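# Summary of the model geometry
Here is how the chains run, residue by residue.
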Amino acid sequence: MLKKRFFKVLKWIAGIFLSLFLLISLALYFFKDDIINVVISEMNAHLKAKVEVSKVDLAFWGSFPSLSVDFNNVFIQDSYEGSSNLDTLLFSKKIRFKFNPMDLMSENYTVKSIEIRDGTLKMKVNEEGIVNYDVFKESNDSTENKAFDLNLEEVLFDNFGYAYLNHATNQEYRTLIHEMSLEGAFSSAVFTTKAQANLHVIAARSGEVTLISNQPARLNIAVNVNQDSSTVSIPESVIHISELPFNFSGEVNDDGFAFNLNGKNLNIKDAANRLAMKEVDNVKRFEGQGVLKFNLDLNKSAGLTTPLNVTCSFGVKNGNLRIPASKIALSKLKLEGYYSNAEGKKKEKLELKNISFQTKGGPFKGNLLLTKFEAPIFKGNANGLIDLAVLHALFSVPKVEQLVGTVDLNSNFLVQGNPNLDGTMGYDIKKLEGTVQLNNVSTKLIDDKRVFENIDGLVYLRNNEAGIDDVSLKIGNSDFLLKGVFKDVVNYFKGSGNLVANLDVKSKNISLQDLGTDSKEEKIRRDRTFILPNNIKGKVFLDVTKLTYENHLFEQIKGNMTIQERTINFPRVALVNGGAAIHGSLTIEERTPEIFYISSQLVSKNINFKKLFKEWDNFNQDVIKSSNIEGSAQANINFEAPFDMRGGIISNAIRAQIGLQIDNGRLKNVETFATIINSLKTSSLKSILGKENINDFGRKLKDLRFDQLKNTIIIKNGVLTIPSMSINSSAINIEASGKHTFENKIDYRFGFRFRDLKKKQESEFGEIIDDGSGFRVFMRMYGDLDNPTIEWDRESRKEIAKQNRVEEKKNVKSILKSEFGLYKSDTTVKEYIKDVGPKEELIIEFDPVKSIDTIIENKEPKKDNKMNRWLDKMKKQSEAEKEEEFVIE
């Protein structure tokens, strides 16, 4: 019985609620347009700007127990003349007006609450003091809707951006409000508003001074409003900026406003952890003691164009900081700071006095005065030791992943800023004098595999010039010792001039692999960029004991180098490679990104073929290997070719002329010679040459020796051309010429006397000498180097026969002239001189190696001693300046 009664009551309650729900829903349906029209009419009565709204909804159940009118995608354009829909004053995805449903029954449309979500408000004042938010009509009591009233008790903001930019006073304030609530009786003449907010201050700037930048903040304050006296006051409250507590108070009235923000006993440990620039993910945490004092006063008179007066004093006393996970520590930290623009722009200043601290390396002291912020003047001094690890931990030096070591500074400086037309700032160094001692400094840039370590040495600063004295460093296994002078340093760093350098570079070992920033695969992936600078001009003397590139070793490198406009020129260079001493000149020009055009003249008198072939891996061929060749050579090489950083030498574009003299040459067990002998045995030549002669010829070719060979080899369009030459060897005397492409396509031609294949004949009077009239054999080897075709060379035989006929005709005329007196008036006919025997030496018009000694003498590297005299002068001046005292006036 009780159970039935319970279900009966439950049905009645459900019915009542369902009826109430239907009744309210029907009422909303019937009165929706009236309610919305009242709100829109009231907005239009107060706004003179056009308001764009994508949709207006009436909601009850979503805002229960209040009734709400929701404006979706609200947009209000700037009030500036000529503005477009790209110039936003206000935008919000949703603005909600809340009403009491019971008031609506009596047609009392009173707004109790406003919610603004997902939007932005951008308020601007231009140089003439005209605002972009002049969108409200003047109040007119006769036009006001008596049924509509604004009796706010709460205003809520959610994910809302606010920006105020005043060009007249050069002020900027930007804040992202995550959430904020304002509660109070806003319609009362005198009321107190409770303000709670969680926000992120993007920028707070007055003039050239940034007050806050990119810091979180939260507040919970009371705001006293007196509409009768037009005053707003904020009693002293605590607000948090980057979780640091500050006392905040202020007052606003018809004459202007005044605010004060101060932190009397801020913990220096918290300030270092929360205010240090955090540009890396794993930020080191600090521990320490000490007090940070901060006091900021903001004052402004009424008027949009009147400037904001800022006065700020701050300081650190008895500060100590350390990173527990390392040995990084900063002790006895002191600082006195003061900023003010209260006396106008001309007397605006920032002063940092008595900066001092102690690191493990030693003490540091300094002072800085900054004036005339629009064209800033920096004046100060720095003396003492700075621990770079502490500096990096505190400020996270941009683009630097690792920074350790110490620098000992002793400098005075005066720097003048100059605004450029494009809005950037240039700087002129009026005075920069002192020294920087680098002590075991190591650094690594982000996304750079190289580590620059063990950097030691002295740097002299002399206004627009700098000198380095025995600065040493290592990069991987490569070491460097640098001494030199740099001029026009300021313009170089400003980007308006070239750096002029005079430098000595010494090294015991350089590995070019250590100096590269990218792997070959990484180079291919990224866009091409210039490698050589276009804004450095200078002279360098190189003295390198050993340099390695891939598997190649270059030793005893000395050279004079100049650099200018992406061109490196070695007018004099000397080095040893593969046991050969090489002298000459070299030019490297980067005309297009990462493609270098190389031109050189190199000579050598002591090339050892066995060592050279071994050093260069037999030049990527296996026809003649280091085990097959002996002998020494002299070479005079003129070489031009483009070099691609991503692909190496562009072989088809090589242009070279190689003057070559080979002495005491020897070829042993060359497989190509064996191929030639096998071809002779299997061809039609076998019956002509004879099996025994071919076998004897083959034995001689297994160990082929020759005293001297001279020729000039040409490389052009991917083809190596060997002009015709005579080779007087232990096996046979050969006339040879040919072409050899980089794809190993060959076309060689050989000529020799048939009698040379036969064994030497002896008589009772000694060896029988060939008179040169024997039958000549011409052969051609062409096709693929790995599988060549060998055959009779009929073209060469015809050419030689033609030449012989011409030569024989000349000889007959010479004999007739000498013996019978004919052709006496013909000066082209020479007297006949009988050939007395064979000649072993080839006579050519141009000796390819004749000028080597002269080239070596002219290309000997020489040092420039002017640089050392300049460094000595700097050293004396720096020692004198250490005794002078620097004072900021």
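Residues numbered from 1 in each chain as written. Predicted model: local features only at pLDDT ≥ 70, side-chain atom pairs only at ≥ 80, totals over all residues. Heavy atoms only, no water.

## Details of the overall build of the chain
A count of helices and strands for the chain gives 14 helices and 41 strands. By the burial criterion, 40% of the 889 residues in the chain qualify as buried. In the chain, once contacts between residues fewer than 6 apart in sequence are set aside, the share between residues at least 24 apart is 54%. (Helix = DSSP H or I, 4+ residues; strand = E, 2+ residues; numbered from the N terminus. Buried < 20%, exposed > 50% of the residue type's maximum accessible area, 1.4 Å probe, protein only. Contact = heavy atoms within 4.5 Å.)

## Some thoughts on the pattern of salt bridges
One pass over the full model with this rule turns up 23 salt bridges. Residue R666 is joined to E630 by a salt bridge in which the shortest nitrogen-to-oxygen separation is 3.5 Å. In this pair, R666 sits in strand β33 (residues 655-668) while E630 sits in strand β31 (residues 629-644), placing the two residues 36 residues apart along the sequence. Looking at E630, the relative accessible area reads 25%, which means it is partly exposed. Counted as one network, the salt bridges with shared partners bring together E630, R666, K668, D703 and R705. (Salt bridge = Lys/Arg side-chain N within 4 Å of Asp/Glu carboxyl O.)

## Focus on the confidence of the model for the chain
On average, residues of the chain carry a pLDDT of 77, and 72% of them reach 70 or more. Confidence drops under a pLDDT of 50 for residues 15-30, and excluding neighbours within four residues, the segment shows eight contacts in the predicted structure. Note that pLDDT drops below 50 for residues 760-773; the model gives that stretch 13 contacts with residues more than four away or on any other chain. (pLDDT = per-residue confidence, 0-100.)

## Side note on the pairing of strand β24 (residues 499-507)
Burial runs high along β24: seven of the nine residues are buried. For β24 and strand β26 (residues 536-549), the ladder comprises nine bridges, and the chain directions are parallel. Opposite L499, over in β26, you have I536 as the bridge partner. (Pairing = 2+ DSSP bridges.)

## With respect to the environment of L432
Residue position: L432 is located in strand β20 (residues 425-445). Considered as a pair, L432 and S411 are 21 residues apart in the sequence and their alpha carbons are 7.0 Å apart. The residues touching L432, leaving out its near neighbours within four places in the chain, are N412, F413, L461, R462 and N463.

## Some remarks on the side chain of R96
On the secondary structure map, R96 appears in strand β4 (residues 88-99). Residue R96 is classed as buried on the basis of its relative accessible area of 13%. In this structure the side chain of R96 is engaged in a polar contact, spanning 2.7 Å, whose partner is the side chain of D70. (Polar contact = N/O pair within 3.5 Å; in protein donor to acceptor, adjacent residues only side chain to side chain.)

## Here's the deal with unusual backbone geometry
In this model, N454 sits at a positive phi of 55°, which is unusual for a non-glycine residue. Looking at the secondary structure, you find N454 in strand β21 (residues 452-462). Here Q556, not a glycine, exhibits a phi torsion of approximately 50°, which is positive. As for its placement among the helices and strands, Q556 is situated in strand β27 (residues 552-564).

## Considerations on the pairing of strand β34 (residues 703-716)
Relative to β34, β33 is paired through twelve bridges, and the arrangement is antiparallel. Counterpart to G665 in the pairing with β34 is F706. As defined by bridge partners, β34 adjoins strand β35 (residues 719-728) across three bridges and the pair is classed as antiparallel. Across the sheet, residue I714 finds its bridge partner in β35, namely T721.

## Looking at the packing of aromatic side chains
Applying the stated criterion across every chain, the model contains eight aromatic pairs. Measuring from centroid to centroid gives 5.4 Å for F157 and F160, while their planes differ by 50°, and the two rings are tilted. F160 sits in the buried class, given a relative accessible area of 4%. Members of the aromatic cluster, connected to one another through ring pairs, are F248, F257 and F259. One cation-aromatic arrangement involves R566 over F530; the distance from NZ or CZ to the ring centre is 3.7 Å. (Phe/Tyr/Trp six-rings, centres within 6.5 Å; stacked < 30°, edge-to-face > 60°. Lys NZ or Arg CZ within 6 Å of the ring centre and 35° of its normal.)

## Considering a positive patch on the surface
A surface patch of like charges, here positive, comprises K293, K317, K332, K334 and K365. Along the polypeptide, K365 turns up in strand β17 (residues 362-371). Looking at K365, the relative accessible area reads 58%, which means it is exposed. (Patch = residues over 30% accessible without salt bridge, like charges linked within 9 Å, V, L, I, M, F, W, Y side chains within 5 Å. Areas by Shrake-Rupley, 256 points an atom, 1.4 Å probe, with all protein chains shown as cover. Lys, Arg positive; Asp, Glu negative; His and termini not counted. Charge placed at Lys NZ, Arg CZ, Asp CG, Glu CD.)

## Digging into the environment of K372
On the secondary structure map, K372 appears in the loop between β17 and β18 (377-387). K372 sits in the partly exposed class, given a relative accessible area of 46%. Note: C-alpha distance between K372 and K347 (25 residues apart in sequence) is 7.1 Å. In contact with K372, not counting residues within four places along its chain, are E348 and I377.

## Points about the environment of G495
As for its position among the elements, G495 is in the loop between α5 (489-494) and β24. Each C-alpha atom, one on G495 and one on G426, is 9.3 Å from the other, the two residues being 69 residues apart in sequence.

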